[in-house]
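Chain and residue survey
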Amino acid sequence: MTTTPGTTPDPGTAPGAAPHSSAPRIAAGVGLLLVAVCLVATMAVTLTDAVSGDGVGGGFVTAGFWAVGLAALAGVVALAAPRRAFVAAQYALALAGPVLALMD
């Protein structure tokens, strides 16, 4: 590959270039919106259980809120250091929150 002096090669075509990291960041951003929706769903399930049930939140409700909180943390980490593992953890934890709260 030849370049003229004073210019840099295109990183997409340079041998050994790092893969483009915008796709995991976009997925992490969309995942943060999913975390917000799952937080509202977890709250709604918890309030419905409190009104119609015995009024006491159990361990699964606590685990559901922890899962949503950890999903938000994983999403922020995925935005800072885009890795597919962080994005997958974000989505899994976000969806686990309301499911755990429903189990109570």
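Computed from a predicted model, the values in this text were never measured in an experiment. Per-chain numbering applies: the sequence of each chain, read as written, is numbered from 1 onward. Since the coordinates come from a predicted model, pLDDT governs what is reported: local features require at least 70, and pairs of side-chain atoms require 80 or more to be given and counted, while whole-chain, interface and lining totals use all residues. The basis for every side-chain value is the complete set of non-hydrogen atoms in the structure, without hydrogens or water.

1. What to know about the packing of helix α2 (residues 59–80) against helix α3 (residues 84–103)
Definition in use: Helix axes are fitted only over the stretch in contact, all axes being lines through C-alpha atoms; the angle between N-to-C directions runs from 0 to 180 degrees. The secondary structure listing takes helices from DSSP runs of H or I that are at least 4 residues long and strands from runs of E that are at least 2 residues long, numbered from the N terminus. Here roughly perpendicular refers to angles of 65 to 115 degrees, roughly parallel to angles under 35, roughly antiparallel to angles over 145, and oblique to all remaining angles. It is the rotation of the near helix from the far one that decides the hand of a crossing: anticlockwise by less than a right angle makes it left-handed, clockwise makes it right-handed. The contact criterion used throughout is that any non-hydrogen atoms of two residues lie within 4.5 Å. Residue polarity is assigned by list, with Asp, Glu, Lys and Arg as charged and Ala, Val, Leu, Ile, Met, Phe, Trp, Tyr, Cys and Pro as nonpolar; anything else, Gly included, falls into the polar class.
One way to put it is that α2 packs onto α3 with a least axis distance of 7 Å and a crossing angle of 165°. Taken together, the axes of α2 and α3 lie roughly antiparallel to each other. Read as a crossing pair, α2 and α3 show a hand that is left-handed. Every residue of α3 that contacts α2 at F60, V61, A63, G64, A67, V68, L70, A71, A74, G75, V77 and A78 is listed here: F86, V87, Q90, L93, A94, A96, G97, L100, A101 and M103. For the contact of α2 with α3, the class distribution of residues is 18 nonpolar, 4 polar and no charged.

2. Considerations on the packing of helix α1 (residues 22–52) against α2
Taken N-terminus to C-terminus, the directions of α1 and α2 make an angle of 165°; their axes are 9 Å apart at the nearest point. Comparing the axis directions of α1 and α2 gives the class roughly antiparallel. Between α1 and α2 lies a crossing of left-handed hand. Facing α1, whose interface residues are R25, A28, G29, L32, V35, C38, L39, T42, M43 and T46, α2 presents V61, G64, F65, V68, A71, A72, G75, V76, A78, L79 and A80. Grouping the constituent residues of the contact of α1 with α2 by class yields 15 nonpolar, 5 polar and 1 charged.

3. Remarks on the nonpolar core
As a reminder of what qualifies: Residues enter a nonpolar core if they are buried and are Ala, Val, Leu, Ile, Met, Phe, Trp, Tyr or Cys, with the set joined through side-chain atoms within 4.5 Å. The buried label goes to any residue with under 20% of its type's maximum accessible area, the exposed label to any with over 50%, and the partly exposed label to all in between, with areas taken from a 1.4 Å probe on protein chains only.
V35, C38, V68, A71 and A94 form the largest nonpolar core, which has 5 residues in total. For this core, the elements supplying multiple residues, two or more each, are α1 and α2. Setting aside chain neighbours within four positions, we find V35 in contact with V68, A71, A72, Q90 and A94.

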